[in-house]
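What follows is the residue order along each chain.
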Amino acid sequence: MLGLIANLENRRAEYFRSAVAEAGLPEPACVAWSEILQDPACLERLRDCSRVRIDSCGENAAVIDALIHRGGGPEKSQLQFGEIGFMAEAHRGFCSVLDEIASFDLPLTNTPADIQVMFDKWASHRRFAAAHVPRPATRFLNGTVAACRQMMMAEGLHRVFLKPLYGSSASGVCAYRCKVSDEGELEREQLIAPIELQDRAGEVRLFNSLRIRSYTDPHDIERILERLLPHGMVCETWLRKAWLDEKAFDLRIVTIAGEARHLVVRQSRHAMTNLHLGNERGDVQSLHNTFGDDTVAACGQVAEQAAACFSDSLVTGVDVTLTQRREIFVLEINAFGDLLPGIENRGQSTYDACVAAMR
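Sequence order as written defines the numbering, with residues in each chain counted from 1. With the structure being a predicted model, the display of local features is reserved for residues of pLDDT at least 70 and the display and counting of side-chain atom pairs for 80 or more, all residues being used for whole-chain, interface and lining totals. Side-chain calculation: all heavy atoms of the structure are included, whereas hydrogens and water are not.

Caption draft 1: Here's a closer look at the state of the cysteines. Two cysteine sulfurs form what is called a disulfide whenever their separation falls within 2.5 Å. What the rule picks out here adds up to 0 disulfides. With no disulfide of its own, Cys57 lies closest to Cys95 among cysteine sulfurs, the gap being 10 Å. For each residue, the accessible area found with a 1.4 Å probe, counting protein chains only, is set against the maximum for its type, and the residue is called buried under 20%, exposed over 50%, and partly exposed in between. For Cys57, a relative accessible area of 10% translates into the label buried. In this structure Cys299 is not part of a disulfide, and its nearest cysteine sulfur, from Cys309, lies 17 Å away. On the basis of relative accessible area, Cys299 is assigned to the buried category, the value being 2%.

Structure follows, in structure tokens:
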């Protein structure tokens, strides 16, 4: 029998259950994140499972509130729908629960230790760097907005991505560029992000937005970064992505048991390619026709190289980019990055392939 840890009301859980049923296996034993937060002893229900999948704890406000509180935040976060906040606290709470899961020594598809690193962009980067996985130049950000601006200007970092350490789904991610005079003075700057800035009675609040917004007022840029920097951020070189069918693109590649399997082309006219931001799935055959089978295969090999850094994880979602110079880089790795409805490889969905590998 297989097992599952998830938000059981979520479509992810339904996809897994359906894949298990289609494989002709018994109904999986399931434990909800909310149950673990109340009483970790519920994990005993998974003792007889041959393999247990951990899936995302996201998209459940009560669970996120409980993780924030466990991580040192308030009992009730008071975050409104889509509001960005308490990312560091939520991560600490999440890691605390993962540690409890690890203490039960269950046969997990992705180990808690791997998941913790995959959810920490700086820790992931360091692991990749040690294994010589090709990555954009990356720095840990620390200090004030003024200090970060000064560092970027001094080091000639005029086009960068600023990413929260623990965010996901592009939450809080900013594409920043600036123009500096010959005398080294900041002339103008732009911050592009799926963020809505709201000022409520003098209190600045940030909300995830499905619309990519552009900020050019230095005061607005400073207010946004002042809210994000305390959560921890990394600074990555903004690579010039290759274009396919008149749009910039990158790839989400799902690896299963170390092998690159499912692939999605994510196309956008903006800096962010995440599909939930209204971007498009590109045509895979067009990708092969334009760049050649060898280049596409090389992207898969780089994804496998990234996955090999997490050898205790059966499934990963790796974001890979091909630059205009046809260089290949890993952007991120995702512990729960296999939610790709409608995408098949060898006649299997990502969840079908995961279940087959778990067997």
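Once the structure has been displayed, the description carries forward.
Caption draft 2: Up close: the packing of aromatic side chains. Any two of the Phe, Tyr and Trp rings considered here, Trp counted by its six-membered ring, make a pair once their centres fall within 6.5 Å; the pair's planes then place it as stacked at under 30 degrees, edge-to-face at over 60, or tilted in between. In total, this model carries 8 aromatic pairs according to the counting rule given. Note on Tyr15 and Tyr351: the rings are 5.8 Å apart at their centroids and 55 degrees apart in plane angle, and the pair reads as tilted. Here the residue Tyr15 occupies a position in helix 1 (residues 11–22), and Tyr351 occupies one in helix 11 (residues 350–358), the gap between them amounting to 336 residues. With a relative accessible area of 32%, Tyr15 lands in the partly exposed category. Only DSSP runs of H or I with at least four residues qualify as helices, and only runs of E with at least two residues qualify as strands; both kinds are numbered from the N terminus onward.

Caption draft 3: Examining the environment of Ala335 more closely. Positionally, Ala335 belongs in the loop between strand 15 (328–334) and helix 11. We classify Ala335 as buried; its relative accessible area is 8%. C-alpha of Ala335 to C-alpha of Asn110: the two residues are 225 residues apart in sequence and 7.7 Å apart in space. If we ignore the near neighbours within four places in the chain, the residues touching Ala335 are Asn110, Ile115, Met118, Phe119 and Val315. We call two residues in contact whenever any of their non-hydrogen atoms come within 4.5 Å of each other.

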